[in-house]
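In case you want the letters, here they are:
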Amino acid sequence: MLLCWLRYGGEIMGPTSFLFPNEVHITWTVMIVLYPYITGMVAGAFIVSSFYHVFGMKQLKPIARFALVSSLAFLLFATVPLLNHLGKADRALNIILTPNFTSAMSGFGYIYMAYMVIVILEVWFSYRSDFIKKYHNAKGTVKFIYKILILWNDNDNDNTKKYDHKMIIFLGGLGIPVACVLHGYVGFLFGSIKANLWWSTPLMFIIFIFSAIVSGLAVLLWLYIFVHWLRKTKVNQESVDLMSKWLWGFMIIAVTLELMEILSISYERTEKWEILSKLIFGELRWSYLYLQIGLFSIGSFLILSLTSLFKMKTQYKNFLIWLSSGMLLLQVLLMRWNVVIGGQLVSKSLRGFTGYFPGLFEKEGILVGLIILIVPFILLRYFDKLFPFFDSQKISETK
Amino acid sequence: MEDINRKKFIQLCMYTSAGLFAGYFFGFSKNEVDVTNLSFENLEKFDWGYVIDTTRCIGCGACVRACKVENEVKDTYFRTWVERYEINGKEVVRVDSPNGALSSFSHDNFDSDIVKAFFVPKICNHCYNSACTQVCPVGASYHSPDKVVLIDKDHCVGCGYCVQACPYACRYIDHEVGTADKCTLCYHRIHQGLEPACVDACPREVRIFGKYVRFCMNADSEF
């Protein structure tokens, strides 16, 4: 009913369709879809790790380190789609060297670097004791690598552990606002472009922050359950239950905010609704209405409602949580697509739409996009050897 | 005064007229600024004017072709273009600009009930508080001292943020070069005392270009 009202409430444009000649080209491609998607997972995963490290939520202890290292793995690849997109990637450092501070984008290098330093330091303090133990047990080249990692200092006693813990709390606390800024700022980049009706809203950066938390929680839950299924080990049910409930809550907030924004535009009946209604019910009908909102938002909401409100067999429950996490990962990816690409489909003349679909083997095409998206997961697999995420002993105890 | 006879009076009047004429001419020519020799400080006080008289445009596309040739603008990109507006009896507007009007317009009119039709040539507005220069993260988009919005292509990173910010779709990323591109008002020409290529090519004097003060006087007298 709401959809019908939104559709027929707005005035329908005439049969005209016009683009300014330069609008035939889409400037921001699938690479710019991936960039906020990856930074969203970075910020979301870090916030989850901070729930344990800063706020002391012990239910999240089994997943806290995993969240932190995941954040680092994704962070290392966050700039790759941007560099691939830049027309002059060799001049990328100009953003740091000659920033134009009237531009929101000029802050990118500094925010990214600050966040990188915080995450690397927090990972280092979290794993310092483990590195020292491995240093003592290792031989040859590996021992030398660990010697570098511990910075030639193998002091590991109660005092150093207390200091490490203090630093982790401090860095985690500092990291939460920086993570929000990192991703909120991406939303701000879009929301502050008044020339684009689909983007221009002060709510954009809040929507981005909440969707980041959703994607962070979803990717952690999805990986956590998947890895334990693969290794045939038992998950910590308390952690999974708590995270799935949070995922449920945060996805409700994120989707509600997004829908409220559209409801507000449609209710105002300004001239922008005339073209945006055609965008939503025409160009983005499949990617936005049917898939992002219909299947992946409402679908995962219903599944998470089942797992959160009703009792069921743990095996089924975990499968449903894993399924809904995967669905929410796709929901957030589609949200990024619909924001980034959807906004560019609308002509600035407000008289028509352009079209876009990435090619398979282009420089900024599907294949390159998939590689950029998959590589952080492969890196995470190898990070497990350097920074073991899960305490296998405790898992075997719970068996 | 008693010594002045009729002949002397006429002589005095002629000298005075000649003096006034010479003075006026001298004064007028002093206002004519030679931009090619202006210092940077004087250039900052300087401003260009550009008016498009849509009532005179016939949509021939000569301006678009001249711009393409002068600035080596690649296919499917446009620094200037012409739009055709047709309004029928039901007040429905149809707008088109096939290939930016590079080859003018065909006669595929909207319908036979057209009550009004006109052409609108488009170009970068060189806004004073331009969104494109505000959002450029590296300061490659900038205002020249004489207030023309330009791009330093040796510094541009090709992020495309300016393209998104321009409300008139006057910018684009030249994918062959990898940097942003737009109308420069033919900066290389106007600083040699020439007019922009599009102005020069227009057969109907639709595009009027000049120094801001003088230009305003002309515009006032014309409209």
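What you see is a predicted model, and the numbers here were worked out from it, not measured in a lab. (Residues numbered from 1 in each chain as written. Chains lettered and ligands numbered in written order. Predicted model: local features only at pLDDT ≥ 70, side-chain atom pairs only at ≥ 80, totals over all residues. Heavy atoms only, no water.)

Caption draft 1: Inspection of the overall build of chain A at higher detail. The secondary structure content of chain A amounts to 15 helices and 0 strands. Against the compact-globule benchmark of 21 Å for 399 residues, chain A has a radius of gyration of 23 Å, which places it among compact chains. Its C-alpha atoms put chain A at 75 × 55 × 35 Å along the principal axes. When each of the 399 residues of chain A is scored for burial, the buried share is 56%. Across chain A, every contact between residues at least 6 apart in sequence was considered, and the portion connecting residues at least 24 apart equals 79%. Accessible area for chain A stands at about 18,400 Å²; split by element, carbon and sulfur atoms hold 68% of it. (Helix = DSSP H or I, 4+ residues; strand = E, 2+ residues; numbered from the N terminus. Rg over C-alpha atoms; globule rule 2.2 N^0.38 Å. Buried < 20%, exposed > 50% of the residue type's maximum accessible area, 1.4 Å probe, protein only. Contact = heavy atoms within 4.5 Å. Areas by Shrake-Rupley, 256 points an atom, 1.4 Å probe, with all protein chains shown as cover.)

Caption draft 2: Focus on helix 3 (residues 61–77) of chain A. Its 17 residues give helix 3 of chain A an end-to-end C-alpha distance of 26 Å, which sits within 8% of 24 Å, the value for a rise of 1.5 Å per residue. Across the 17 residues that make up helix 3 of chain A, a large majority, 13, are buried. (Expected span 1.5 Å × (residues − 1).)

Caption draft 3: Geometry of the nonpolar core. Counting residues in hydrophobic clusters, the biggest one holds 142 residues, and the most contacted among them are Phe66, Tyr115 and Phe190 of chain A. With 17 residues, the single largest contributor to this core is helix 9 (residues 204–230) of chain A. With sequence-adjacent residues up to four places away left out, phenylalanine 190 of chain A is seen in contact with Trp28, Ile32, Trp199, Ser200, Met204, Phe208 and Val340 of chain A. One finds Cys57, Val120, Ile123 and Tyr187 of chain B within the second-largest nonpolar core, a separate group that totals 35 residues. (Core = buried A, V, L, I, M, F, W, Y, C linked by side-chain atoms within 4.5 Å.)

Caption draft 4: Expanded view of the sheet that holds strand 3 (residues 93–96) of chain B. Residue and element names in this part refer to chain B. Judged by pairing direction, the sheet is antiparallel, and its 3 strands sit side by side in the order 3-2-4 without closing on themselves. Looking along the sheet, the strands with just one partner apiece sit at the ends: strand 3 and strand 4 (114–123). Neighbour-to-neighbour, the strand axes of this sheet turn through a mean angle of 20°, independent of strand direction. The pairing of strand 2 (residues 80–88) with strand 3 spans 4 bridges and is classified as antiparallel. When the bridges of strand 3 are listed, tyrosine 85 appears paired with valine 95. (Pairing = 2+ DSSP bridges. Axes fitted to C-alpha atoms, helices over the stretch in contact; angles between N-to-C directions.)

Caption draft 5: Layout of the interface of chain A and chain B. Listed per partner, the contact involves 34 residues of chain A and 43 residues of chain B. For the pair chain A and chain B, the two sides together bury roughly 3,100 Å², of which 58% comes from carbon and sulfur. At the junction of chain A with chain B, the criterion picks out 0 salt bridges. There are 24 residue pairs in polar contact (both at pLDDT 80 or more) connecting chain A and chain B. Residue composition of the side of chain A that touches chain B, by class: 14 nonpolar, 15 polar and 5 charged. (Buried area = accessible area lost by both parts, 1.4 Å probe. Salt bridge = Lys/Arg side-chain N within 4 Å of Asp/Glu carboxyl O. Polar contact = N/O pair within 3.5 Å; in protein donor to acceptor, adjacent residues only side chain to side chain. Nonpolar A, V, L, I, M, F, W, Y, C, P; charged D, E, K, R; others polar.)

Caption draft 6: Highlighting unusual backbone geometry. Residue and element names in this part refer to chain B. Of note in this structure, glutamate 72 is not a glycine but carries a positive phi near 50°. The topology assignment puts glutamate 72 in the loop between helix 3 (62–71) and strand 2. The exposure class of glutamate 72 is exposed, given its relative accessible area of 66%. Its identity is not glycine, yet glutamate 205 carries a phi of approximately 50°, on the positive side. Inspection of the secondary structure puts glutamate 205 in the loop between helix 7 (197–201) and strand 9 (207–211). Taking relative accessible area as the criterion, glutamate 205 reaches 58% and is therefore assigned exposed.

Caption draft 7: Inspection of the packing of helix 2 (residues 30–53) of chain A against helix 14 (residues 366–386) of chain A at higher detail. Residues and elements named next belong to chain A. Between helix 2 and helix 14, the shortest axis-to-axis distance is 10 Å and the interhelical angle comes to 15°. Considering the angle they form, helix 2 stands roughly parallel to helix 14. Considering only the axes of helix 2 and helix 14, their crossing is right-handed. In this structure, helix 2 uses Met31, Leu34, Tyr37 and Ile38 to contact helix 14, whose residues at the interface are Val368, Gly369, Ile372 and Leu373. Classifying every residue of the contact of helix 2 with helix 14 gives 7 nonpolar, 1 polar and no charged. (Parallel < 35°, antiparallel > 145°, perpendicular 65-115°, else oblique. Left-handed = near helix turned anticlockwise from the far one by under 90°.)

Caption draft 8: The pattern of salt bridges, seen in detail. Residue and element names in this part refer to chain B. Taken as a whole, this structure holds 14 salt bridges over all chains when the rule is applied. As a salt-bridge pair, lysine 74 and aspartate 174 come within 2.8 Å of each other at their nearest N and O atoms. With a gap of 100 residues between them, lysine 74 in the loop between helix 3 and strand 2 and aspartate 174 in strand 7 (residues 172–174) connect regions that are remote in the sequence. Exposure remark for lysine 74: the relative accessible area of 23% places this residue in the partly exposed category. Across the pair aspartate 96 and arginine 94 runs a salt bridge whose closest N-O atoms are separated by 3.5 Å. On the accessibility criterion, aspartate 96 (14% relative accessible area) is buried. One continuous salt-bridge network, built from bridges that share partners, spans Arg84, Glu86, Arg94 and Asp96.

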